[in-house]
Amino acid sequence: MSIQLGDTAPDFKQDSSEGLISFHEWLGDSWGVLFSHPADFTPVCTTELGFTAKLKDEFAARNVKAIALSVDPVDSHHEWIKDINETQNTIVNFPILADDDRKVSKLYDLIHPNASNTLTVRSLFIIDPNKKVRLTITYPASTGRNFHEILRVIDSLQLTDNYKVATPANWQDGEEVVIVPSIQDKAELEERFPKGYRAVKPYLRLTPQPNR
Ligand code: BEZ
């Protein structure tokens, strides 16, 4: 069965380029980004993993750990990492799960037989510190993902959790945000949003981004 938003991210033990990973223990109190890709030594994946490595500081600033997955064994991952480092001018600084027995792929529904019977699809999960799945996406094998968008979603989720605000279409860090409809009490509004807010409609209330 596919994984849905709000589900607890399935726990697992699996080998990786950085040794055996007990997933929930490895996550600890961090947010997680678990992403799969079709196979080692493939062009789009090489760019994705290289770009993710370059976002190390951005992930750290948000308390996020990244972990990749493909159905190739550890030895293959180690050889491929050398290529990623060389061609993408970076150093891969996160584990790649070696899911050659498809254990994690089955748990996370990463084999879509009508796309490929053997290779994993290009899926990504954002997991919060309570181990709940907060975002799922699946991209075509031929389309590399936009990791700036992943950071944007993490920022949005963290704003919602910390300040009870949502983010409007195409929101970018520093722009106005939306007050969640469940807050109606005037005293609570004043306390939570000391910078004030403007009500375009009773259900559409905008306020400056609280943490900026
Ligand atoms: C890849 O790099 O993973 C890829 C590229 C083209 C088609 C399918 C996959």
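Preceding this paragraph is the structure being described.
One structure accompanies this document, and this report is about it.

Calculation criteria
- For every chain, the first residue of the written sequence is number 1, and numbering continues from 1 onward in sequence order.
- For a predicted model such as this one, the threshold for reporting local features is a pLDDT of at least 70, and the threshold for listing and counting side-chain atom pairs is 80 or more; totals across whole chains, interfaces and linings nevertheless cover every residue.
- For side-chain calculations, the full set of non-hydrogen atoms in the structure is used, while hydrogens and water are omitted.
- In this analysis, strands are considered paired if DSSP registers two or more bridges between them.
- Here a helix means four or more residues in a row that DSSP labels H or I, a strand means two or more in a row labelled E, and each is numbered from the N terminus.
- For helices, the fitted axis covers only the stretch in contact; all axes are lines through C-alpha atoms, and the angles between them, taken along N-to-C directions, range from 0 to 180 degrees.
- In this scheme, roughly parallel covers angles under 35 degrees and roughly antiparallel covers those over 145, while 65 to 115 is roughly perpendicular and the rest are oblique.
- Every residue pair with non-hydrogen atoms within 4.5 Å of one another is taken to be in contact.
- Any residue outside Ala, Val, Leu, Ile, Met, Phe, Trp, Tyr, Cys, Pro, Asp, Glu, Lys and Arg is labelled polar, Gly included; the first ten of those are nonpolar and the last four are charged.
- Burial classes: relative accessible area under 20% of the type maximum marks a residue as buried, over 50% as exposed, and values in between as partly exposed (1.4 Å probe, protein chains only).
- Expected helix span is taken as 1.5 Å per residue step, with the number of steps being one fewer than the number of residues.
- Polar contact is defined as a pair of N or O atoms within 3.5 Å, subject to the rule that within protein one atom must be able to donate a hydrogen and the other to accept it, and that residues adjacent in sequence are counted only when both atoms are side-chain atoms.
- Near, as used in this document, describes a residue that has one of its heavy atoms within 4 Å of the molecule or strand being considered.
- Here the Shrake-Rupley method, with its probe set to 1.4 Å, supplies the accessible areas, and only the displayed protein chains count as covering residues.

Here we come to the sheet that holds strand 8 (residues 165-166). Read from one edge of the open sheet, four strands run 8-9-11-10, paired in antiparallel fashion. Each end of this open sheet is capped by a strand with a single partner; those strands are strand 8 and strand 10 (198-201).

Let us look at the packing of helix 2 (residues 43-54) against helix 4 (residues 74-88). Packing of helix 2 against helix 4 brings their axes to within 9 Å, and their N-to-C directions diverge by 70 degrees. If you check the angle between helix 2 and helix 4, you find them roughly perpendicular. Two secondary-structure elements touch here, helix 2 through Cys45, Thr46, Thr47, Leu49, Gly50 and Lys54 and helix 4 through Trp80, Ile84, Thr87 and Gln88. Partitioning the contact of helix 2 with helix 4 into residue classes produces four nonpolar, five polar and one charged.

We now examine the pairing of strand 4 (residues 64-70). Most of strand 4 sits inside the fold, with six of its seven residues counted as buried. Summarising the sheet, strand 3 (residues 31-36) and strand 4 pair through six bridges and their orientation is parallel. Following the sheet pairing, phenylalanine 35 is matched in strand 4 by alanine 68. Where strand 4 and strand 5 (residues 96-98) come together, three bridges link them in parallel fashion. Considered in strand 5, the bridge of alanine 68 is made with isoleucine 96.

Moving on to helix 6 (residues 147-163). Its 17 residues give helix 6 an end-to-end C-alpha distance of 24 Å, which sits within 8% of 24 Å, the value for a rise of 1.5 Å per residue. Looking only at helix 6, the buried set comprises Phe147, Ile150, Leu151, Val153, Ile154, Asp155, Ser156, Leu157, Gln158 and Leu159. Structurally, the start of helix 6 carries an N-cap: the backbone nitrogen of histidine 148 is 2.9 Å from a side-chain oxygen of asparagine 146. In the stretch just after helix 6, lysine 164 is the one whose phi turns positive, near 60 degrees.

Taken together, Pro38, Thr42, Pro43, Val44, Cys45, Arg122 and Ala141 make up all the residues around the ligand. The backbone of valine 44 places a nitrogen or oxygen atom 2.7 Å from an oxygen atom of the ligand. Taking arginine 122, its side chain carries an N or O atom lying 3.0 Å from an oxygen atom of the ligand. Expressed as a share of its isolated accessible area of 260 Å², the protein-covered part of the ligand is 67%. Here the shell around the ligand takes three residues from helix 2, the largest share from any one element. A breakdown of the residues in the shell around the ligand according to their chemical character gives five nonpolar, one polar and one charged.

Just geometry here; none of it tells us what the structure is for.
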